Every structure is written in structure tokens, then in C-alpha cells.
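Structural characterization, general
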Amino acid sequence: MTQEELCTQLGAQFGDAVGALSETKGDRFVTVKVEKIVEVCAYLKTTVGCEFDFCRDITAVDWPARKVIEVVYHLYSVTHRHGLVLKVEANREAPAVATVEGVWKAATWLEREIYDLFGVNFTGHSDLRRILLPDDWVGYPLRKDYQEAGGYHGIGNTRPEPLVQLAKATDEVRKAIAAEAAAAAAAAAAAAPAPAVVESAPAPAAAPAAPAPAAPSTERKP
Amino acid sequence: MSTDTTPDTTIDMNLDRHILRRTDGNDEEIVVNFGPQHPSTHGVINFVTQTNGEVIRRSVPEIGYLHRGLEKIGELVAYPGYMPFTDRIDYLAAMFANEGYAVAVERLLGIEAPPRAQYIRAISCELCRIASHFISIGTMAQDIGAATPLTHALREREAINDLLEELCGARLTYNFHRIGGVAFDVPAGWTDKVLRFLDHLDSYIQEWDRLITFNKIFVKRLAGVGVISREKAIDYGLVGPNLRGSGVKFDIRRDMPYGAYSDFEFNIPVGAGKVGTVGDCWDRFFVRVQEVVESSKIIRQAIAKLPEGDIQAKVARKVKPEAGEAVGQVESARGEMLYYIVSDGSEKAYRLRVRTGSFMAMGIIEELSHGIMVADLIAIIASLDVVAPEVDR
Amino acid sequence: MSSNVFSPPEPGTGVLFTNTSVIDDAINLARKNSIHYLLFGLACCGIELMQTGGPRSDLDRFAAIFRASPRQADLMIVAGTLTYKMALRTKLLYDQMAEPKYVLSMGSCANCGGLFQASYSVCKGVDKIIPVDVYVPGCPPRPEALTEGLLRIQDIMMCERWGTKMRPGRKDPNAPMMISAADKAK
């Protein structure tokens with residue numbers, strides 16, 4: 001069945017709980033109301049002719065501008081070789097979606113990952129806990145407003161960069177020498193305007209012969 | 001020792017404080033951490049195993065030890081710059097990860113790679129599939145207890161590493177495909193080297209079959225172990241050789257064709273229960289061995305029909321697709337690798353999602369672990385061919 | 001390889017003689033030619049570690065064999081990205097190794113966080129939690145590079161004096177090598 005036919009059949013069954021096929025650029029999807037998602041999924045799996053037995057992916061997208069977290073279901077049917085994309089919009093303040101674990105077992109771990117990274121609460125899930133991050137992690141990293149906590153259990157998340165500091169310090173010393181040379185040249189020019197052209201030439205040449213700049217201290221420990 | 005296999009009600013998951021703990025009452029039952037540092041777990045994965053002597057009551061995988069936030073990095077890095085990160089999603093089959101990402105972005109942009117690039121992609125990907133399968137079947141043999149087949153497999157893989165190094169400069173993390181094509185053209189004389197390697201490979205696979213595939217001990221260890229039925233495999237979302245080992249003939253190269261695969265003739269090996277039950281560990285192993293042979297066929301056809309032309313389509317320096325979303329999928333060595341990219345019109349992705357085959361395979365291990373022996377658990381994990389970076393990303 | 005790559009030993013610290021010690025050299029020769037390294041392959045570098053131990057560039061020709069248990073290992077090759085979740089276990093494994101123990105940080109991720117420095121869950125270098133002796137750069141380092149790293153570990157071993165049981169240049173063997181100002185404040 002094509003995507004249009006599937007969408008029509010869903011519309012006939014569920015009325016306005018199921019939106020129309022999207023017209024955006026790229027792949028097309030169907031938006032479903034949050035309350036009806038389990039029924040729609042169960043219908044798609046069991047109805048002869050649809051038989052969406054394969055849950056390819058469940059993922060989420062955070063839209064702070066629209067104040068929703070979209071949960072996206074990529075469904076496929078191995079028997080009929082057709083696919084469909086469903087989208088559900090969960091309120092961003094307290095995102096909660098019913099679990100489709102009863103329809104496809106693949107959803108168990110996929111929903112756990114969305115809970116871990118986005119904070120979406122899947123009501124009815126058998127084992128909703130963090131899966132990728134440590135159990136005592138604070139925050140939901142894939143949200144757009146996530147701020148890092150500055151480390152974990154005392155391990156910092158910055159790193160000293162001695163080469164960058166060395167380069168900066170060397171630049172400063174070089175600038176200081178150039179400034180001295182320019183000041184000396186200006187003084188010589190003020191004293192004797194005519195031979196200034198000759199005298200100022202060796203001055204910059206003598207400056208780099210000055211004792212090499214002391215090695216600046218870095219944060220590197222021996 | 002009782003053979004009661006009903007799982008216990010709860011397992012204490014506060015592992016930072018427990019390494020080993022005894023459950024109340026029954027002296028023989030212990031909860032042991034099988035991992036994360038373990039030679040047989042194919043990466044840093046922990047299996048919290050509740051065992052009654054040698055028989056497992058329940059084994060719960062605990063993942064996330066290699067979670068590097070690759071999906072978040074996709075939102076921080078521009079589209080062309082994300083290619084090296086895809087290598088690290090599955091470093092054993094890095095070409096597929098590259099190609100999947102390139103296909104997804106190309107779908108967003110509405111372009112297609114030129115034919116020569118598609119053929120070069122197919123050749124590099126199939127070589128990578130052979131390399132990945134060699135590691136898989138070699139480490140599986142090692143987990144069963146045979147140490148030598150791994151050295152054989154690594155030796156063959158070194159030959160492929162040399163070929164791919166000549167092609168793109170790297171042995172493991174290739175960064176070879178680009179949005180719109182491939183980075184470098186095939187060097188002079190390279191295709192002859194590949195054909196010589198394939199001649200050697202075709203005769204070597206027969207040696208491999210004699211050495212390990214039909215080895216009596218190997219067959220006895222794996223036949224009938226970890227049987228996954230067809231319905232269960234589809235319900236748990238398994239893909240790739242795991243799904244095909246259970247008898248489901250589903251391959252992205254055939255069913256959602258991409259690239260140049262419609263020009264090639266090859267079989268899709270499917271598990272048939274040759275030495276045990278359909279969907280046991282040996283079936284999944286044998287599917288991989290047969291896929292090596294099929295990949296060899298594909299490479300030969302691709303080299304014979306390699307067309308002339310550009311290796312990269314015209315793509316702007318700053319890749320800025322229109323707002324929208326696209327899905328790109330490839331048949332990786334570990335199954336379908338699905339890239340779902342949402343674009344908001346800027347030069348960085350708004351959301352980049354990677355769904356890998358190993359993540360789905362981990363979900364079924366707890367289900368299979370009731371009442372099996374510890375050695376069988378190792379065989380099951382090896383036969384599902386999980387790699388930690390695909391699981392954790 | 002000369003054993004004076006680092007500063008020469010202080011007088012009075014050799015086992016029997018004051019400046020050079022043939023006994024020290026003999027002990028170190030035996031130690032460096034029987035390194036047992038812990039199989040600690042975390043990510044892509046772990047595959048290159050496997051291939052370095054494989055048939056072509058064979059670590060076994062230096063008599064360096066892999067051990068799975070930290071109790072039987074004296075070299076920990078941290079090969080791959082260290083995440084915060086794994087960092088706690090890494091420290092545990094390091095503590096379980098017996099002295100004298102060495103750490104080789106293999107690859108960019110173990111050296112400094114590597115490619116994943118922008119990530120929220122990656123520890124920016126293994127030397128934030130354990131002291132490292134040799135850093136091998138690369139992403140992943142070629143087997144030849146890792147072999148060179150192993151040879152440098154062997155050089156370090158040759159410079160040790162049994163009397164002091166101390167590595168050259170290391171004051172406190174348990175101090176991490178690099179501490180940023182932010183970490184010091186913690």
C-alpha cells in the first residue's frame with residue numbers, strides 16, 4: 001500500500017486524531033494525537049493489509065520554539081514491504097507519551113533511550129530508567145537548553161592547554177620587543193633626523209640578539 | 001542444583017557500590033558483573049548476571065560505557081565535517097556508516113552521487129563487509145575457545161586493510177565517502193590487487209569452512225543455542241545477519257535499493273537450520289560466512305562494470321539543505337543502519353539520529369538468557385555481533 | 001638501548017655498586033622482556049591493539065602477551081575513548097593492578113579526549129584519573145606507533161633502580177600527571 005492509501009485508511013478509522021500526510025520537503029509523515037498513539041500502532045500492527053510488524057526506530061526531536069518534543073516512529077512491514085512515519089507531539093514542560101512496548105518489544109530499549117536523553121516519560125513502561133548515561137546523571141543532554149554540569153564525580157571537564165598558552169606568551173614577548181625597538185627608533189629619529197635612516201636599521205637587528213625571553217611558566221607539571 | 005529458571009523480581013542496579021553480592025537466603029545464587037572490561041563482551045558492555053552456579057537465571061545488559069554523545073555532536077558540527085564521526089559509530093564497518101550518512105544528506109539535498117562514485121562506494125563497502133565479518137567470525141571462534149581462527153581472520157583482515165589504505169589512506173577509520181560521492185578515485189592497479197585478493201579469499205573460505213565452520217566441537221557448541229524465532233526477531237527489531245539467521249529474507253540492498261546494488265546479481269543467505277534449529281547461533285554464524293562469499297561476487301561484478309565519470313557530484317562548500325527531514329539507510333555488516341536527519345535550513349543538522357543494528361540486538365539478550373549456561377551466554381553475544389560503539393554511540 | 005636516556009641514577013642507590021648496577025640491568029632486562037598488558041580496548045584503538053597483537057605486527061615477539069585480568073597485568077594500555085561512566089571502573093581496574101605498573105595512553109581519545117572533546121560524556125584524557133607513562137598519539141595509532149610506545153615503556157623499565165623502586169622523574173607514583181586549575185579547586 002502506498003503512504004496515501006495508508007493515511008486514508010487511518011483517517012477513516014480514527015477520524016481527526018490522525019492528521020494528513022505532511023507536505024514538507026523530504027520524507028512525509030503523519031501526525032497523531034498523543035492520546036491515540038497506542039491504538040493507532042496496535043491497529044497498524046494487527047490489521048490485515050497493513051501489518052506493520054517491524055518497528056524500525058523511535059526517536060525524539062526537541063523543538064523549544066514550538067514548545068513540543070516530537071516523538072517520531074519509523075514503522076515498516078516486512079510482510080508487505082511498506083513503511084510509514086508517525087509523529088506525536090508531547091508538551092515540552094512535562095512530556096509524557098504512552099508506551100508502545102505492548103505492540104513491539106523493540107520499543108522497550110528505544111523508549112528508554114529517549115527517556116535518558118530527552119526526559120520524555122513513557123507511561124506504562126516496564127523499566128523506565130537511564131540506559132546510556134550513568135544512573136546519577138543530572139539533566140537530559142539532547143535537549144536544546146542542556147547545560148553541562150562541569151564534570152562528573154570530581155573529574156573536571158576542562159583540560160589545560162600548555163602549547164596554546166606558550167604561543168600566547170611568546171607572542172606577548174615578541175610584541176614587547178617590537179614595541180621597544182619602535183620606541184628606540186623613534187627616539188633616535190627625534191635626536192638626529194638625517195642619519196636616522198641608517199641608524200634605525202641596525203636597531204631592530206640588535207633587538208633579537210637580546211637575551212632570549214625567559215621560558216614562560218605553563219601549567220604542565222613535570 | 002535446581003533448574004528453576006523463573007527470574008527473580010528485582011536486581012539491585014546500584015553497581016557503583018557492588019561488585020559481587022549474595023541474594024537473600026539461597027547461598028548458591030550470586031549476582032556478578034560480566035564486564036565492562038572483559039575479553040568476550042565485544043567492547044565495553046556490562047552484563048549483570050544472576051547465576052545459580054553455572055546456570056543463569058537472568059542476565060541484564062548494562063550499556064553506556066562508550067556513550068560519546070555522537071548525536072549531540074551532529075548538532076554542533078557542520079554537515080561535511082561530521083563524516084569522521086560516522087567512522088567512530090561503527091569502526092569495524094566504517095564505510096557503511098560513511099555511506100549511510102552521505103545517503104541521508106544527499107536525500108535532504110535532493111542529489112545523487114554519480115555512477116562511478118556509487119560503484120566505488122559499493123566496492124569499498126563490500127570490502128569493509130568482508131573485513132567486519134572476519135572480525136566477527138574470528139572473535140566468535142575465540143569466544144568458543146579456539147584461539148587460532150582469530151589470528152587467521154586478522155591476517156586476512158590485514159590484507160583488506162592494506163587495500164583500503166591504498167584507496168583512502170587509513171586502516172580503520174576511513175572518512176572516505178563524501179556528501180555527493182567519494183573522496184578519492186581508484187588508484188592505478190588497485191582493482192587488479194583487489195581481484196588477486198578475492199582469488200585468494202575464495203580458496204581461503206573453503207579452508208575456513210574445514211577449520212571451523214563445520215568443526216564438530218564448534219557445531220555442538222552452537223547448534224540449538226540461543227534460538228530466536230522469526231516472529232521474535234521481527235518483534236524485537238533485529239536487522240542484518242541476526243534477522244536473516246532466523247529465516248527472514250530482508251536485506252536493504254534488495255528491499256530498499258540504494259546506490260549501485262540493483263546492477264549486481266547476488267544471493268541473500270538466510271538461516272535454514274542446517275545443523276540445529278532455524279535461528280540458532282550457528283545459523284547466524286553461517287549467514288556471515290556465506291555473506292563473505294556473496295560480497296566477493298559483488299566486488300567482482302562491480303570491478304568488471306566500473307563506469308567512467310566523476311567521483312563527486314557538485315555540492316556547495318557550505319552544505320545548507322532546505323528545512324525538512326530525510327532518512328537514509330544502508331545494509332551495514334551488522335544490519336540496517338538508519339540515519340534520520342532533521343534540517344532547519346542552517347549548515348548544521350538540527351537533529352541527527354543513528355539507529356544501529358547492535359542496539360536492537362542488545363535488547364533481546366535478557367529474553368534469551370533465562371536458564372542457559374554462562375558459556376552459552378558468551379556464544380549468544382558473539383553470534384549477535386554486537387559492538388559497543390554501535391550500541392552506545 | 002642505553003639505560004641513560006633519563007638522568008643517571010643518584011649515587012648510593014644501586015643495589016651493589018654506587019653508579020651502575022649490573023644486577024639492576026639484569027632485573028630490568030628480565031622485566032622488560034615479559035610485559036603482560038591488560039586488554040583494555042575501549043573503542044577503535046582497541047581494534048588496532050588487537051591487530052598489533054595479531055600476526056603481522058606481533059607484540060608477542062617482544063614477549064608482551066595480553067591478560068584479561070588486571071591482577072595478572074603490569075601494563076595497562078588504555079585504548080579508546082574514556083567516558084565518565086567508564087572512568088570510575090578504570091580507576092578500580094588500575095587500583096587492582098599490582099606494582100610496578102605502567103600505563104600507556106593509546107590514541108587521541110585517551111590522551112586528551114580526542115575527537116570527542118565537545119561531548120558531554122567523555123573524560124578529557126585518561127590522565128585525569130590515573131598517571132600515564134607514555135602517550136601514543138594517533139587516531140587510531142598504527143601498529144608501528146603502538147610498538148614504538150611499547151619500546152618506550154621498555155626504556156622506562158630499564159631506567160628503574162630496584163633499590164629505590166622509583167621511576168625517573170616521578171615523585172609520587174599515585175599523582176595524576178596533569179591537573180588543571182579548575183580541578184585543583186575541587
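**So, the overall build of chain C**
Helix and strand counts for chain C come out as six helices and five strands. The proportion of buried residues among the 186 residues of chain C is 52%. Long-range pairs, those at least 24 residues apart, make up 77% of the contacts in chain C between residues at least 6 apart in sequence. With an accessible surface of roughly 7800 Å², chain C has 59% of that area assigned to carbon and sulfur atoms.

**Examining the overall build of chain A**
A count of helices and strands for chain A gives six helices and eight strands. Counted from the first residue to the last, chain A has its helices and strands arranged as α-β-β-β-α-β-β-β-β-α-β-α-α-α. When the 222 residues of chain A are sorted by exposure, 42% land in the buried category. For chain A, the proportion of contacts with a sequence separation of at least 24, taken over those separated by at least 6, is 49%.

**Structural notes on unusual backbone geometry**
Residues and elements named next belong to chain C. The residue after glutamate 99, namely proline 100, is reached through a cis peptide bond having omega -10 degrees. Among the secondary structure elements, proline 100 is positioned in the loop between helix H3 (84–96) and strand S4 (102–106). Between cysteine 139 and proline 140 the backbone carries a cis peptide bond, its omega angle lying at -10 degrees. With respect to the helices, strands and loops of the structure, proline 140 is situated in the loop between strand S5 (134–136) and helix H5 (143–158).

**Regarding the nonpolar core**
Of all hydrophobic cores here, the largest spans 207 residues; its most connected members are Tyr73(A), Leu86(A), Leu127(B) and Met76(C). Looking at this core, the element that brings in the most residues is helix H4 (residues 115–144) of chain B, giving 16 residues. For Tyr73(A), the residues in contact, after removing those within four places along its chain, are Ile37(A), Asp57(A), Ile58(A), Leu84(A), Val85(A), Leu86(A), Val88(A), Val97(A), Ala98(A), Val100(A) and Phe122(A). Among the nonpolar cores identified, the runner-up in size contains 20 residues, and Leu49(C), Leu59(C), Leu75(C) and Leu150(C) belong to it.

**Here's the deal with the interface of chain B and chain C**
Contacts between the two partners involve 39 residues from chain B, matched on the other side by 35 residues from chain C. In this assembly, chain B packs against chain C so that about 3200 Å² is buried in total across both faces, 63% of it on carbon and sulfur atoms. On inspection of chain B and its partner chain C, the count reaches five salt bridges. Where Glu165(B) meets Arg142(C), a salt bridge forms, and the shortest distance between an N and an O atom there is 2.4 Å. There are 14 residue pairs in polar contact (both at pLDDT 80 or more) connecting chain B and chain C. Where the side of chain B that touches chain C is concerned, the elements lending two or more residues are helix H1 (70–76), helix H2 (83–89), H4 and helix H5 (148–168) of chain B.

**Re the sheet that holds S4(C)**
All names here are of chain C. Pairing is parallel in the open sheet, where five strands are placed in the order S2-S1-S3-S4-S5. Strands at the two margins of the open sheet, each flanked by one partner only, are strand S2 (65–67) and S5. With strand direction ignored, the average angle separating the axes of adjacent strands in the sheet is 30 degrees. Inspection of the sheet shows strand S3 (residues 75–79) paired to S4 by five bridges, in the parallel sense. In the sheet register, isoleucine 77 faces S4, and the bridge partner there is leucine 104. Lying over the sheet, H5 contacts S3, S4 and S5, oriented at roughly 155 degrees with respect to S4.

**Let's talk about the confidence of the model for chain C**
Residues and elements named next belong to chain C. With 76% of its residues at a pLDDT of at least 70, chain C reaches an overall mean of 79. Predicted confidence for residues 14–19 stays below pLDDT 50, and this span has 13 contacts to residues more than four positions away or in other chains. pLDDT under 50 marks residues 175–186. Its contacts with residues more than four places away, or in other chains, come to 28 contacts.

**Side note on the pairing of strand S8 (residues 335–343) of chain B**
Residue and element names in this part refer to chain B. Judged by how many residues are buried, S8 sits mostly within the fold: nine of nine residues are covered. Where strand S7 (residues 324–332) and S8 come together, nine bridges link them in antiparallel fashion. Note that in S8 the partner of serine 332 across the bridge is glycine 335. Hairpin connection, S7 to S8: the antiparallel pair is bridged by two residues. Taken together, the five bridges between S8 and strand S9 (residues 351–355) define a ladder with antiparallel strand orientation. Within S9, the position partnered with valine 342 by the bridge is arginine 351.

**With respect to the packing of aromatic side chains**
Applying the stated criterion across every chain, the model contains 25 aromatic pairs over all chains. Where Tyr82(B) meets Phe85(B), the ring centres are 5.6 Å apart and the plane angle is 20 degrees; that geometry is what we call stacked. Every member of this aromatic cluster is reached through a ring pair, and the members are Tyr82(B), Phe85(B), Tyr101(B), Tyr339(B) and Phe116(C). Above the plane of the ring of Tyr76(A) lies Arg56(A), whose end atom (NZ or CZ) is 5.9 Å from the centre. One residue, Lys101(C), lies across the ring of Tyr94(C), its end atom 4.1 Å from the ring centre.

Thresholds applied
Residues numbered from 1 in each chain as written. Chains lettered and ligands numbered in written order. Predicted model: local features only at pLDDT ≥ 70, side-chain atom pairs only at ≥ 80, totals over all residues. Heavy atoms only, no water. Helix = DSSP H or I, 4+ residues; strand = E, 2+ residues; numbered from the N terminus. Buried < 20%, exposed > 50% of the residue type's maximum accessible area, 1.4 Å probe, protein only. Contact = heavy atoms within 4.5 Å. Areas by Shrake-Rupley, 256 points an atom, 1.4 Å probe, with all protein chains shown as cover. Core = buried A, V, L, I, M, F, W, Y, C linked by side-chain atoms within 4.5 Å. Buried area = accessible area lost by both parts, 1.4 Å probe. Salt bridge = Lys/Arg side-chain N within 4 Å of Asp/Glu carboxyl O. Polar contact = N/O pair within 3.5 Å; in protein donor to acceptor, adjacent residues only side chain to side chain. Pairing = 2+ DSSP bridges. Axes fitted to C-alpha atoms, helices over the stretch in contact; angles between N-to-C directions. pLDDT = per-residue confidence, 0-100. Phe/Tyr/Trp six-rings, centres within 6.5 Å; stacked < 30°, edge-to-face > 60°. Lys NZ or Arg CZ within 6 Å of the ring centre and 35° of its normal.

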